[in-house]
Amino acid sequence: MATKTPLYIIDAFSDRPFGGNPAAVCLLEAYRDERWMQNVAAEMNLSETAFLRPVSVNLWALRWFTPTVEVDLCGHATLAAAHVLRSECGVTANDVTFRTRSGDLTAHCEGEAICLDFPKVSAEPAEPMPEFCEAIGAEIVAALRSRDDLILVLPDAETVERLAPDHGKIRHLAPRGVVVTAQAEEGADWDFVSRFFAPQSGISEDPVTGSAHCYLGPYWGEILNKTQLSGYQASARGGAVGVKLAGDRVMLQGRATTVLKGELHA
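Residues numbered from 1 in each chain as written. Predicted model: local features only at pLDDT ≥ 70, side-chain atom pairs only at ≥ 80, totals over all residues. Heavy atoms only, no water.

*Asks:* Can you walk me through the packing of aromatic side chains in this structure?
*Replies:* One pair of aromatic rings is described through two measures. These are the centre distance and the angle between the planes. For the structure shown, the criterion picks out 5 aromatic pairs. Arranged with centres 4.4 Å apart and planes meeting at 15°, the rings of W190 and Y232 form a pair that is stacked. Of this pair, W190 sits in the loop between β12 (177-183) and β13 (192-198) while Y232 sits in strand β15 (residues 228-233), placing them 42 residues apart in sequence. Residue Y232 is classed as partly exposed on the basis of its relative accessible area of 22%. Aromatic rings pair up to connect W36, F51 and F65 into one cluster. The ring centre of W36 lies 4.0 Å from the NZ or CZ of R32, which sits over that ring. (Phe/Tyr/Trp six-rings, centres within 6.5 Å; stacked < 30°, edge-to-face > 60°. Helix = DSSP H or I, 4+ residues; strand = E, 2+ residues; numbered from the N terminus. Buried < 20%, exposed > 50% of the residue type's maximum accessible area, 1.4 Å probe, protein only. Lys NZ or Arg CZ within 6 Å of the ring centre and 35° of its normal.)

Structural data, given as structure tokens:
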């Protein structure tokens with residue numbers, strides 16, 4: 001008889017259905033192997049599926065899979081997991097700890113929002129190569145590299161929003177993905193905008209990428225001389241990410257909403 005596993009689809013970094021970034025959350029009672037989890041993630045076919053398993057009181061093992069690979073860090077699926085624990089499982093503790101491949105991460109509530117305590121990710125300046133411009137089809141002001149991603153700074157927010165990159169060429173530029181970003185227009189509700197392309201990870205464009213803000217926040221914080229910022233990921237769905245800088249940690253703040261509850265029979 002097939003095991004029945006609670007399954008949720010959560011729109012993260014959004015206060016309404018069909019906005020932000022959808023993530024599947026599987027609530028496990030016991031360990032399941034990597035092949036099973038990868039098969040589930042491929043079946044869900046969302047940018048990330050989170051697998052959540054209790055370890056002890058307020059401590060949960062958490063892993064993230066795209067449709068094709070396991071990843072080391074994922075913001076929106078962590079936000080989705082914290083939302084499931086709070087809204088669907090009755091976990092009312094102020095702090096919940098997730099044991100992950102990136103160490104222990106904590107989440108706590110701030111009103112209707114959830115705040116994630118993530119590690120700061122370093123990004124070093126890189127030479128803007130001609131193939132970068134060819135891949136994204138736009139002028140590049142500056143380039144940086146993190147461990148997994150290539151970050152390209154563009155002239156303005158409008159260029160970011162209208163971009164139509166060549167995904168075949170982007171596939172070869174970085175291990176995980178390519179981020180484009182620019183300072184927001186004067187008078188906007190946010191400080192910077194971004195988009196995230198990751199065909200090499202099975203995601204043509206990720207709607208809202210929390211983990212990318214672990215280096216976008218520090219970068220724009222230094223440029224704008226701020227420790228508290230707001231970023232907007234200008235995908236078709238769109239989503240806002242609050243960022244607070246605290247030394248070697250980055251606090252990511254956002255809201256989430258449940259759009260589906262069900263059971264996985266596998």
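On we go.
*Asks:* Teacher, can you tell me more about unusual backbone geometry here?
*Replies:* It is generally the case that most residues other than glycine have a negative phi and that most peptide bonds are trans. Positive phi outside glycine occurs at N58, with the angle close to 60°. At N225, a residue that is not glycine, the phi angle is positive and equals roughly 55°. Mapped onto the elements, N225 comes out in the loop between α6 (213-224) and β15. Judged by its relative accessible area of 72%, N225 falls in the exposed class.

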